[in-house]
Amino acid sequence: MIKNAVRAKRFSYYFAVSLIGLLFGTAAATEKKPAGDQDKLPKAQQDARLQSHWGYMGIEGPTHWAMLSPQYMTCEAGSKQSPINIHAPRHSNTQETLAFDYKPTPVHVANNGHTIQVDYKSYSVLHVNDRTYRLRQFHFHDPSEHEIEGVRYPMELHLVHQDSRGHIVVVSVFLELGAANPWIAKIWNWMPKTTTDVSTPLFINVAEILPSNTHHYTYKGSLTTPPCTEGVQWILLEKPVQISVDQQKRFADIIGENARPVQPTHDRNVEEY
Ligand SMILES: [Zn+2]
């Protein structure tokens, strides 16, 4: 019913546009916008145009992502997809130093329909050896997307960073069940139930969620959501942090399961530092 109504509306819209086109044919032709003009749309508007619906269940689920839109082809055709199962990682002889320089900032907690996401505005950076990446946003998955020797954690936090050339580094923090986590409690307090709710700003510092040491696994993979873009460096912190059973349940009640299954490793190197 609704679909038909939309179609009818669209049809009358196209009809009106065609009629105007016929009446003012010459003017319309000369004023026709040049091809590629949509590139000048604001970025958010372009993204909205390009995005197709996807999800974690049924016909919109992970095994169908590549069929939902030509933009999502890499989800199926890619050979360096994430997440993966971390199996027998290679101990690295070299050193990779991680230095987190995260600053407190006011943030809004958003529910984008796929996860709870917090965009980070303050200048907070991660140094990987001599390279610097700025923290853009963080979000959560239930259960964890990566597996360690075939085992999933109850949840996984993704801290998404980007450098000035657009290279993406995602730091994963595994969440295991135990004591309630005060940092998570602060965010959950403002967790919007729907995509239209917006939280009032709250003051947080991501540094507070980091585990006590930076031992990690690293490998080259992709975004774990459409369009599954590759070229992402993954840094999985080995030491999990605790959340309570109740905290996991609160997330599950609002978002539900939102983890892509593990993807073929295709002989990729996983290094342990
Ligand atoms: Zn993620």
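Quick caveat: nothing in here was measured; it's all calculated off a predicted structure.

(A) Structural context of the overall build of the protein. On a plain count of helices and strands, the protein comes out with 7 helices and 16 strands. The buried share of the protein, reckoned over its 273 residues, is 27%.

(B) Representation of the nonpolar core within the structure. Residues Leu159, Val171, Val173 and Leu175 are the most contacted members of the largest nonpolar core, which totals 47 residues. Secondary structure elements with two or more residues in this core: strand E5 (109–111), strand E6 (116–119), strand E8 (131–141), strand E11 (155–162), strand E12 (168–177), helix H6 (182–188), strand E14 (216–222) and strand E15 (230–243). Here the element with the most residues in this core is E15; it accounts for 7 residues. Setting aside chain neighbours within four positions, we find Val173 in contact with Leu157, Ile209, Leu210, Pro211, Leu237 and Val241.

(C) The sheet that holds strand E1 (residues 85–86), seen in detail. Taken together, the 3 strands give an open sheet; going across it, the order is E1-E9-E10, and neighbouring strands pair in mixed fashion. Two strands bound the open sheet, and with one partner strand each, they are E1 and strand E10 (151–152). Where E1 and strand E9 (residues 147–148) come together, 2 bridges link them in parallel fashion. Looking across to E9, one finds that Ile86 is bridged to Ile148.

(D) How the structure looks around the environment of Asp246. On the secondary structure map, Asp246 appears in helix H7 (residues 245–254). On the basis of neighbour count, Asp246 is assigned to the exposed category, with 11 C-beta atoms found within 10 Å. Between the C-alpha atoms of Asp246 and Gly178, which are 68 residues apart in sequence, the distance is 10.0 Å.

Criteria and cut-off values
Residues numbered from 1 in each chain as written. Predicted model: local features only at pLDDT ≥ 70, side-chain atom pairs only at ≥ 80, totals over all residues. Helix = DSSP H or I, 4+ residues; strand = E, 2+ residues; numbered from the N terminus. Buried ≥ 20, exposed ≤ 12 C-beta atoms within 10 Å, placed from the backbone. Core = buried A, V, L, I, M, F, W, Y, C linked by C-beta atoms within 7 Å. Contact = placed C-beta atoms within 7 Å. Pairing = 2+ DSSP bridges.

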